[in-house]
Amino acid sequence: MNKNTAPKFLLIIICYMYIITSLVAQPKPPQGYIWQSVPELSDEFDKWDDKKWFKPLWNYGVPVKMVAQNSGVSKGKLWIKATLGRDRKRWFETSRVQSKAQIKYPMYTESRIRTAHISAYNTFWMNNGNADNRDEIDIIENNSKPSCKCQPDYPWQMSSQYFITVNKNNERSKGNFDNRKLSSKNPLKGVKWNQAFHTVGAWWIDKNNVQFYLDGEPAGKVKTRRNFSRDLNLIWDLWTKDVPWLGGLAEKSDLKNNKINTMYVDWVHTYKLKRGKVTSSKAIKSTIVIEAESFSNTGGYFNDRSTGGPGKRVKNNGTDINFVNKGDWVEYNVHIGAAGKYAVEYKISTPSNGAKIEFILNGNKISNIDVTNNGSWSNYKSLSGGVLKLPAGTHTIRLHASGSNDWQWNLDKFILKKKK
C-alpha cells in the first residue's frame, strides 16, 4: 500500500466501523418464529476449536495442494493462506476449513470476510461432501485480482450459485451480484473484497429457494427445479486454476507476499428457525425494557459446574441472570419499532474488577464497556451503555461478558430508550 492509498483505505475502515450498525444482515423470520443460534456452526474465532472445525486435504486440480499448516486462528481471525510450494505441479499450497456439524433448511448463515488479493477464488460455501450426489450452495467465490484480463467485474462480484447433482448429472444456476449495486447509503458500496471485511450470508429458505445477502442487503437469489435434500457442512477455502471462468492462474510472485496472500474470516454466525416470542409491542415504544432472564439462547466456554453453576452458559435465576463468566453470552430477539439513536442502560452488578459487557447487533460488535465494581453481585445499579444507532425491525441482540476475569457480572435487565 502506498502513501496515497493508505488514507483512503483507513477511511473506508473507519466509516465501516461507525456505519455498520445500520446494516442488518439477518433476515426477518417468518411470523411466529425467531432465529436461534447454532453454536456448533458459529464462532468468533478467538481460538481454534477442533470440536467445530477440521482441515480436509482433498485437492482441486493442479496446481492446488491442500496443506493443514496454511490455515489457523490468530488475533481473533480465521486465516487461510496461499504460499509457493516446491512441487512443480502442485505449487499453489493452500488450505481448507470445514465444519464437523451439518445443517439443513430452514437456516441462515453469515460470515465476515476479507479476501486475499491474488488471482484465486476466496470461498464460503456449503456442501455434503459427495461430488457425484451433492447439494451445494456457494455463497461467494470471489477473485479480487483476476490475472486473465478477461473478468473486469470480479473484484466486486459475489459469484453465488448452487448445484444439485444426481448420479453426476448437474442442475446449476449462478448469480453475479456486484457490490457496486448496493444502496447509496451503504459504506461498502463499490469497496473491493480485499480492501475491507464484507458480511455475506445465505438464507436457505426451503427445498427450492436460497436468498443471498451482502453487507446487510439482499444480493440475489436462486430457485431450484430439483429439491435440496441433504444436510450440508460450512466450508472456506482458497484455490486457483488456469481457466477464464475463475479469473486466471495466480501469479507465483504474489504467493510470496504475506500482505496479500491471505484470506481472513472475522466470524461466522449460523441460525435455525424456532417457534418463539419476540420482545415487542404493537405500538412503537420510545423505551424498550428487556428482562435479562428472557433470553432466547446462551452459551460460553468457561465451565462453572464445579462451583454450582450451569456449565458453559449463564444461569436463568427467574428474575435475573447470574453465573456469568468470561466468554459467556446471552441472546435476545428484540423488535425495534422505529429506527434511530437509542441510549442503552444496563441494570447490572459486580464485585469484580476488569468486567466488561459487549453489545452485539445481528453479529456486529458495536459497543464494549467497562462494568464498574460496586462490591456486590445483587446491588443492581444503572450503567450507561452509550448511544447506539439501531435500525427498525426484529433483531438479535447478544450481550457478551468480554472482560478478563473468570467471573464477570450479574444482570437484571437492560433498557433501550429512543433519543429525540
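These numbers come from a predicted model, not from an experiment.

Concerning the overall build of the protein chain
Consideration 1: Scanning the protein chain from terminus to terminus reveals one helix and 29 strands.
Consideration 2: In terms of overall dimensions, the protein chain is globule-like: its C-alpha atoms have a radius of gyration of 22 Å, near the 22 Å expected for 420 residues.
Consideration 3: Considering only C-alpha atoms, the protein chain reaches an extent of 65 × 45 × 45 Å along its principal axes.
Consideration 4: Out of the 420 residues in the protein chain, the part that is buried amounts to 55%.
Consideration 5: Considering only intrachain contacts with a sequence separation of at least 6, the fraction spanning at least 24 residues in the protein chain is 72%.
Consideration 6: Charged side chains in the protein chain number 64 positive and 37 negative. The centres of these two groups are separated by 3 Å.

A word on the state of the cysteines
Here, the word disulfide means a covalent bond between the sulfur atoms of two cysteines.
Consideration 1: Here the structure, examined in full by the defined rule, presents one disulfide.
Consideration 2: Between the sulfur atoms of Cys 148 and its disulfide mate Cys 150 the distance is 2.0 Å. With the S-S dihedral at roughly -100°, the linkage between Cys 148 and Cys 150 falls on the left-handed side.

Thoughts on the packing of aromatic side chains
Consideration 1: Scanning the entire structure with this criterion turns up 22 aromatic pairs.
Consideration 2: Each ring, one from Tyr 121 and one from Trp 245, has its centre 6.3 Å from the other, and the planes form 50°; the classification is tilted. With a gap of 124 residues between them, Tyr 121 in strand 10 (residues 121–127) and Trp 245 in the loop between strand 17 (233–239) and strand 18 (262–275) connect regions that are remote in the sequence.
Consideration 3: For Trp 245, a relative accessible area of 44% puts it in the partly exposed group.
Consideration 4: Between Tyr 162 and Phe 228 the ring centres are 6.0 Å apart and the planes differ by 70°, which places this aromatic pair in the edge-to-face class. With Tyr 162 in strand 12 (residues 161–166) and Phe 228 in the loop between strand 16 (217–223) and strand 17, this pair connects stretches of sequence that are 66 residues apart.
Consideration 5: Cluster of aromatic residues (ring-pair linked, three or more members): Trp 58, Tyr 60, Tyr 121, Trp 125, Tyr 154, Trp 239 and Trp 245.
Consideration 6: The ring of Tyr 301 carries Lys 47 above its face, with NZ or CZ at 4.8 Å from the centroid.
Consideration 7: If you follow Lys 252 out to its NZ or CZ, it ends over the ring of Trp 91, 4.8 Å from the centre.

A few points about the pairing of strand 1 (residues 33–37)
Each regular strand displays side chains that alternate between the two surfaces of the sheet.
Consideration 1: Burial analysis of strand 1 places four of its five residues in the buried class, the great majority of the element.
Consideration 2: With five bridges joining them, strand 1 and strand 18 adopt antiparallel strand pairing. From the neighbouring strand, Ser 37 faces strand 18, where its bridge partner is Tyr 271.

As for unusual backbone geometry
Consideration 1: Val 62 connects to Pro 63 through a cis peptide bond whose omega is 10°.
Consideration 2: Here the bond from Tyr 105 into Pro 106 is cis, since omega is -5°, no more than 30 degrees from zero.
Consideration 3: Residue position: Pro 106 is located in the loop between strand 8 (96–99) and strand 9 (107–114).
Consideration 4: A positive phi angle is found at Phe 323, which is not glycine, with a value near 55°.
Consideration 5: Within the element layout of this structure, Phe 323 appears in the loop between strand 22 (321–322) and strand 23 (329–336).

Re the environment of Asp 43
Consideration 1: Within the secondary structure, Asp 43 sits in the loop between strand 1 and strand 2 (53–54).
Consideration 2: For the pair formed by Asp 43 and Asp 266, sequence separation is 223 residues and the distance between their alpha carbons is 8.9 Å.
Consideration 3: Those residues in contact with Asp 43 that lie beyond four places of it in its chain are Asp 49, Lys 52, Trp 53, Trp 267 and Val 268.
Consideration 4: A polar contact of 2.8 Å, which involves the side chain of Asp 43, links it to the side chain of Trp 53.

Section: the sheet that holds strand 26 (residues 364–370)
Consideration 1: Spatial ordering of the open sheet is given by 20-23-28-25-26, a layout of five strands whose pairing is antiparallel. Edge positions in the sheet fall to strand 20 (297–299) and strand 26, since each of these pairs with one other strand and no more. The mean inter-strand angle of the sheet, taken between neighbouring strand axes irrespective of direction, is 25°.
Consideration 2: For strand 25 (residues 356–361) and strand 26, the ladder comprises six bridges, and the chain directions are antiparallel. Paired with Lys 356 across the two strands is Asp 370, which belongs to strand 26.

Definitions and cut-offs
Residues numbered from 1 in each chain as written. Predicted model: local features only at pLDDT ≥ 70, side-chain atom pairs only at ≥ 80, totals over all residues. Heavy atoms only, no water. Helix = DSSP H or I, 4+ residues; strand = E, 2+ residues; numbered from the N terminus. Rg over C-alpha atoms; globule rule 2.2 N^0.38 Å. Buried < 20%, exposed > 50% of the residue type's maximum accessible area, 1.4 Å probe, protein only. Contact = heavy atoms within 4.5 Å. Lys, Arg positive; Asp, Glu negative; His and termini not counted. Charge placed at Lys NZ, Arg CZ, Asp CG, Glu CD. Disulfide = S-S within 2.5 Å. Phe/Tyr/Trp six-rings, centres within 6.5 Å; stacked < 30°, edge-to-face > 60°. Lys NZ or Arg CZ within 6 Å of the ring centre and 35° of its normal. Pairing = 2+ DSSP bridges. Polar contact = N/O pair within 3.5 Å; in protein donor to acceptor, adjacent residues only side chain to side chain. Axes fitted to C-alpha atoms, helices over the stretch in contact; angles between N-to-C directions.

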